[in-house]
Amino acid sequence: MRILVVEDERMLADAIAEWLREEAHAVDVAGDGAAALERIGVNDYDVVILDRDLPRVHGDEVCRRMVADGRATRVLMLTAAAGVGDRVAGLSLGADDYLTKPFAMPELAARVLALGRRTRPGAPPVLRRAGITLDPARREVTRDGRYVSLSKKEFAVLFELLRADGTVVSAEHLLEKAWDEHADPFTGAVRLAILKLRRKLGDPQIIDTLPGVGYRIA
């Protein structure tokens, strides 16, 4: 998934980003509300992890603008305020979930994964197609019962191909979902990831290339 972490405590933001990248997500970081709105206006995020007490533009206002724009992006709001009234206020603004600080990283990661499933309704927790089984929660992939070891990027690319359920996925979409905003679109990173996936998944080949269009698992 493509995730934006909006947190003005840099060490915490970097820790969250690092943890989620280990879970094979593409993660961008913004240190204030204005920077967050700028990135949200440019990138299509599945989940935004939004600290409530932000400089420049308050987290509440960021959430309001996202809701007003009708974005499908899910919002996980973070705050040090643990009172029931604070949680209700955050959810009333349009946040999809609410987590108080301090929190455990595994819980945050689990909540993000659950929110990501809501972004595209109907996506099952475990994806299966053409003999491939992908379990996002356990980060496990098998083909015809054989375990397949994948890198984080390969896992993310395969996830997007399986989630497309046989439809074509463009290289641009794969780059957006599996890499962060610093990725160079001209590096050939997607093509290389597809080549490695084909090798690791073995024969018969199941990833089709449609020149100038994208890739699919038929």
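Summary of the structure given here. Note that the structure is predicted; figures quoted are calculated from it, not measured.

**A short note on the side chain of H25**
Phase 1 of the analysis: Mapped onto the secondary structure, H25 falls in the loop between α1 (10-22) and β2 (26-30).
Phase 2 of the analysis: By relative accessible area, which is 10% here, H25 ends up buried.
Phase 3 of the analysis: Among the polar contacts made by the side chain of H25, one reaches the main-chain amide nitrogen of M1 at a distance of 3.4 Å.
Phase 4 of the analysis: Leaving out residues up to four positions away in the same chain, H25 has contacts with M1, I3 and L20.

**Some remarks on the packing of aromatic side chains**
Phase 1 of the analysis: Under the criterion given, the structure shown has zero aromatic pairs.
Phase 2 of the analysis: A cation over a ring is seen here: R139 above F155, with NZ or CZ 4.8 Å from the ring centre.

**Quick look at the sheet that holds strand β8 (residues 140-143)**
Phase 1 of the analysis: Spatial strand order, β6-β7-β8-β9: four strands in an open sheet with antiparallel pairing. One side of each edge strand has no neighbouring strand; the edge strands of this open sheet are β6 (127-129) and β9 (146-147).
Phase 2 of the analysis: Looking at chain direction, strand β7 (residues 132-135) and β8 are connected through four bridges and run antiparallel. Within β8, the residue paired with T133 across the bridge is T142.
Phase 3 of the analysis: Strands in contact with helix α6 (residues 152-163) are β6, β7 and β8; relative to β7, the strand with the most contacts, it is inclined by about 115 degrees.

Rules of the game
- Residues numbered from 1 in each chain as written.
- Predicted model: local features only at pLDDT ≥ 70, side-chain atom pairs only at ≥ 80, totals over all residues.
- Heavy atoms only, no water.
- Helix = DSSP H or I, 4+ residues; strand = E, 2+ residues; numbered from the N terminus.
- Buried < 20%, exposed > 50% of the residue type's maximum accessible area, 1.4 Å probe, protein only.
- Polar contact = N/O pair within 3.5 Å; in protein donor to acceptor, adjacent residues only side chain to side chain.
- Contact = heavy atoms within 4.5 Å.
- Phe/Tyr/Trp six-rings, centres within 6.5 Å; stacked < 30°, edge-to-face > 60°.
- Lys NZ or Arg CZ within 6 Å of the ring centre and 35° of its normal.
- Pairing = 2+ DSSP bridges.
- Axes fitted to C-alpha atoms, helices over the stretch in contact; angles between N-to-C directions.

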